[in-house]
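So the chains spell out like this:
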Amino acid sequence: TRSLLSVFEEDAGTLTDYTNQLLQAMQRVYGAQNEMCLATQQLSKQLLAYEKQNFALGKGDEEVISTLHYFSKVVDELNILHTALAKQLADTMVLPIIQFREKDLTEVSTLKDLFGLASNEHDLSMAKYSRLPKKKENEKVKTDVVKEVAAARRKQHLSSLQYYCALNALQYRKRVAMMEPMIGFAHGQINFFKKGAEMFSQNMDSFLSSVADMVQSIQVELEAEAEKMRVSQQELLSVEETVYAPDFDVAAPQINRNLIQKAGYLNLRNKTGLVTTTWERLYFFTQGGNLMCQPRGAVAGGLIQDLDNCSVMAVDCEDRRYCFQITTPNGKSGIILQAESKKENEEWICAINNISRQIYLTDNPEAVAIKLNQTALQAVTPITSLGKKQESSCPRNAETEDDKIVPQAAVRANDAEELIAPGTPIQFDIVLPATEFLDQNRGSRRINPFGETEDETFPEAEDSLLQQMFVVRFLGSMAVKTDNTTEVIYEAMRQVLAARAIHNIFRMTESHLMVTSQTLRLIDPQTQVTRANFELTSITQFAAHQENKRLVGFVVRTPESTGGQSLSTYVFESNSEGEKICYAINLGKEIIEVQKDPEALAQLMLSIPLTNDGKYVLLNSQPDDHDGSPSENRGAESEA
């Protein structure tokens, strides 16, 4: 509203400057007309004075004198017309523009000053309200301050409505004020020339009539708009006084937890020294996945915080109420903000939580937010350990865009227990323990549960017939009881995503997933260190989610020291479709199977594109994109 108001104020300032310049031009015309009156009057006297000159050689000047007398009468009559024209210009041209400047423009300027004073009083009262402590013994002080804020808000509301109405009416009045003086000027000139130029007046009559009709219609529109603004103003001022009080519904606020965008004033905490801080009241709004701030008087907002994958929580800060803190994805403490009420505080936290999960990128973000809020706790019903968490905590929104579709319960609770034991712990990150980091620096080969090692320990990557890289994010892994069906992967996806939603876990580890004809490796994109390595022969099941195409998982069978085997399911989120990863894994397993038969291996390799360095690399397409027809390079591939 203030940004739009600045446009109206700029327009009013431009109109004031132009009106002053226009008035100067009209006054110059009026001055010139007065000067014409004096000049014609003096000319008439001078023509009559010719007779009194007593020229020594004045014989035969009688005709000249009589002619000059006639011209003197004509000039006198013309002087009368000029005097009438000057009076008409003063009344119909100069006076209306002076009244417009002194009445309408001065009124707008005065209301602007009153609005500024009311706004300053409101800011002072809000600053005093924001400093209220949480101690209950100060209830009388709190009541007085709340009343002061309400009075200031009502005063600001009233002054702003009057100011806005004046600005709206000015848009109509300026058009009347610009045309009305020129109508008077034209009428005066026509009356002046009508004595000797009737044809001129006839040409202008129809035009002036149409202009007069237009001015009349604008006047009617102005009256109708003024009536509408008066009725609207009465309706806006007829609300209860409680709406002006901040936090008026603190007992039972109606909180909307499905917001994906939010805007309003917040207090921003700024550090001014080692132990000193200041609070600044600014206008904040969300735009996509960004938190923006627009200072008063600025044309547009600026970026304050990237909200993707961040976390937000309520905090106690300097004995102030309704404070919350935004933490960056890397765990660093971000900004601290203060809302003006409990309702605003809760809605800001919910909105930022929803935005951090990138729900805004979905086709119907409002429906996704509502669905996740309703089903976040229900999704973990089969899990005993998370069920206890459900009883003691409130549901939160699900996390990231890819959680927008919580995996549906494909099996009943009893069937889920047959796939995954109740209470099975979930690992949400692939970590590098400190002891293993020291072992790596000492040059020894380190061993961890994920088989993390450096790339140089895998020389088979250079000789692999298949190499395909995917960008993935690790969501979690957990032990499972069987690998006989892909339903165990879907159940693991459901439990991992639900646990992330319940425990409010946003952070994900991004890796490069390298699929070769022998292994499947997770590589750190920064250090190129292999985080995890899985033999393709140990992967017994793999599948992409049926609804959320970017979710993919696989089951790994690992031998144990006791002689038995353990089964673990790993769940990932991919930048591309999960079916492509499944196709790459399936192709690698087929290569392993046909390596024993050279002819079958050659036939399989002919269906895969060949790069310049002799590597068989999967294209970013589905398997059915290749029709198996011979290409131009098929002969060269056969020779290779």
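What comes next is a walk through the structure. (Residues numbered from 1 in each chain as written. Predicted model: local features only at pLDDT ≥ 70, side-chain atom pairs only at ≥ 80, totals over all residues. Heavy atoms only, no water.)

## Things to note about the packing of aromatic side chains
- Within the structure shown, the criterion is met by 12 aromatic pairs.
- Geometrically, the ring pair formed by Tyr 283 and Phe 285 is tilted, given 6.2 Å between the ring centres and 35 degrees between the ring planes.
- The exposure class of Phe 285 is buried, given its relative accessible area of 16%.
- Ring geometry for Phe 554 versus Tyr 570: centroids 5.7 Å apart, planes at 25 degrees, classification stacked. (Phe/Tyr/Trp six-rings, centres within 6.5 Å; stacked < 30°, edge-to-face > 60°. Buried < 20%, exposed > 50% of the residue type's maximum accessible area, 1.4 Å probe, protein only.)

## Focus on the layout of surface pockets
- The space that makes up the largest pocket amounts to roughly 1,200 Å³.
- For the largest pocket, the lining is made up of 34 residues, of which Arg 2, His 122, Gln 156, Tyr 265 and Arg 281 are closest to its centre.
- For the lining of the largest pocket, the secondary-structure elements that each account for two or more residues are α1 (2-49), α2 (62-130), α3 (139-193), β2 (277-287) and α5 (342-356).
- For the lining of the largest pocket, the class distribution of residues is 13 nonpolar, 10 polar and 11 charged. (1 Å grid on protein atoms, 1.4 Å probe; cavity = no way out; pocket = protein on both sides within 12 Å on 5 of 7 lines; lining within 4 Å. Points joined across faces, edges and corners; volume = space filled by probe spheres on them. Helix = DSSP H or I, 4+ residues; strand = E, 2+ residues; numbered from the N terminus. Nonpolar A, V, L, I, M, F, W, Y, C, P; charged D, E, K, R; others polar.)

## Considering the pairing of strand β5 (residues 311-317)
- Sheet analysis places β5 next to strand β6 (residues 320-327), joined by six bridges and oriented antiparallel. Looking at β6, one finds that Met 313 is bridged to Gln 325.
- Taken together, β5 and the strand that follows it, β6, pair antiparallel across an intervening segment of two residues, in which Glu 318 is found at a positive phi of about 55 degrees. (Pairing = 2+ DSSP bridges.)

## Some thoughts on the sheet that holds β2
- Taken in spatial order, the seven strands make up an open sheet running β4-β3-β2-β1-β7-β6-β5, and their pairing is antiparallel. Taken across any chain shown, the strands that pair with only one partner, and hence form the sheet edges, are β4 (302-306) and β5. Taking each pair of neighbouring strands and ignoring which way they run, the sheet shows an average axis angle of 40 degrees.
- With four bridges joining them, strand β3 (residues 290-294) and β4 adopt antiparallel strand pairing. Note on β4: the bridge partner recorded for Met 292 is Leu 303.
- Packing against the sheet, α5 makes contact with β1 (263-271), β2, β3, β5 and β6, and its axis sits at approximately 10 degrees to β6. (Axes fitted to C-alpha atoms, helices over the stretch in contact; angles between N-to-C directions. Contact = heavy atoms within 4.5 Å.)

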